[in-house]
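# Structural description and commentary
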Amino acid sequence: MWCMQNIALITLVVRDYDEAIAFYTDALGFHLVEDTDRGDGSRWVVVRPAGSGTGTGLLLARAGSDDQRASVGAQTGGRVGFFLHTDDFARDHARMTAAGVRFLEEPRHEAYGSVAVFEDLYGNKWDLLEPR
C-alpha cells in the first residue's frame, strides 16, 4: 500500500548563512521560514519561495569541511539543478534582474512555457519557468 509522501527540504550547501539568506530573500523573494542556532556554531536555516505555503523548502547548510566547500556552487555538476516556477514570468524576471540576479540567457518561449536560466550567488544553475 502506498502512502502520501512529499519532499520537504532540499539541502543547498552555502559559504555563509547570512549572505545566502540575503540572496534568497532579497534577490529571489523567498521567505525565511526558520533560522535556529543549533548551539554548535551551525544553524538550521530554511527558505521557501513566496506563495509556496508549506511546499518544498531549501535547507541552507554552511559548508563545514574542505569537501563541502568544494561543492558550493557545483552541487549538480554544472547542470540546471533547481526549477523555480512562477505564475508571471515577466514580473519575476524583471524583479530578479533589477535585484542583480545573473541570467545566462535571454528569456525563451518554448512549447512548455517561458523560461530563462539564472545563477544563484554561488553559481548553481536554476530555471525560472512559467509553465504553459
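Rules of the game
Residues numbered from 1 in each chain as written. Predicted model: local features only at pLDDT ≥ 70, side-chain atom pairs only at ≥ 80, totals over all residues. Heavy atoms only, no water. Domains from an automatic or database assignment. Contact = heavy atoms within 4.5 Å. Buried area = accessible area lost by both parts, 1.4 Å probe. Salt bridge = Lys/Arg side-chain N within 4 Å of Asp/Glu carboxyl O. Polar contact = N/O pair within 3.5 Å; in protein donor to acceptor, adjacent residues only side chain to side chain. Helix = DSSP H or I, 4+ residues; strand = E, 2+ residues; numbered from the N terminus. Nonpolar A, V, L, I, M, F, W, Y, C, P; charged D, E, K, R; others polar. Buried < 20%, exposed > 50% of the residue type's maximum accessible area, 1.4 Å probe, protein only. UniProt positions renumbered as here; feature names shortened; annotations may be inferred. Arc of directions from axis to C-beta.

### What to know about the domain arrangement of the protein chain
Under the domain assignment used here, the protein chain contains domain 1 (1–72) and domain 2 (79–131). Put simply, the middle of domain 1 and the middle of domain 2, counted by C-alpha atoms, are 19 Å apart. Contact with domain 1, which involves 17 residues of that partner, is made by 13 residues of domain 2. Regarding the contact of domain 1 and domain 2, the summed buried area is about 1100 Å², with carbon and sulfur atoms giving 72% of it. When the area that domain 1 buries against domain 2 is broken down by residue, the three leading residues are Phe23, Ala27 and Leu28, summing to 40%. On the surface where domain 1 and domain 2 come into contact, there are 0 salt bridges. Run the count over domain 1 and domain 2 and you get 5 residue pairs in polar contact (both at pLDDT 80 or more). The leading source of residues in the side of domain 1 that touches domain 2 is helix 1 (residues 17–27), at 6 residues. Here the residues of the side of domain 1 that touches domain 2 are counted per class, giving 12 nonpolar, 1 polar and 4 charged.

### With respect to the pattern of salt bridges
In total, this model carries 10 salt bridges according to the counting rule given. For Arg15, the salt bridge goes to Glu19, with nearest N and O atoms at 3.2 Å. Residue Glu19 is classed as partly exposed on the basis of its relative accessible area, which comes to 29%. Notably, a salt bridge pairs Glu110 with Arg108, separated by 2.9 Å at the nearest N-O pair. Put simply, Asp87, Arg91, Asp92 and Arg95 are held in one network by salt bridges that share partners.

### Digging into the UniProt feature "domain: VOC" (unreviewed entry) in the protein chain
Per the UniProt record, "domain: VOC" (unreviewed entry) is annotated on residues 6–131. Across residues 6–131, helical content stands at 21% and strand content at 40%; the span's end C-alpha atoms are separated by 21 Å.

### Some thoughts on helix 3 (residues 89–98)
What helix 3 keeps buried is the set Phe89, Asp92, His93 and Met96. Down the axis, helix 3 shows its buried residues gathered within 100° of arc, on one side only. Away from its buried face, by an angle of more than 90 degrees, helix 3 presents the exposed residues Ala90 and Ala98. Buried residues in helix 3 make contact with helix 1, strand 6 (102–103), strand 8 (113–119) and strand 9 (125–131). The N-capping residue of helix 3, defined by a side-chain oxygen 3.4 Å from the backbone nitrogen of Ala90, is Asp88. Positive phi appears at Gly100, one or two residues downstream of helix 3, with a value of about 95°.

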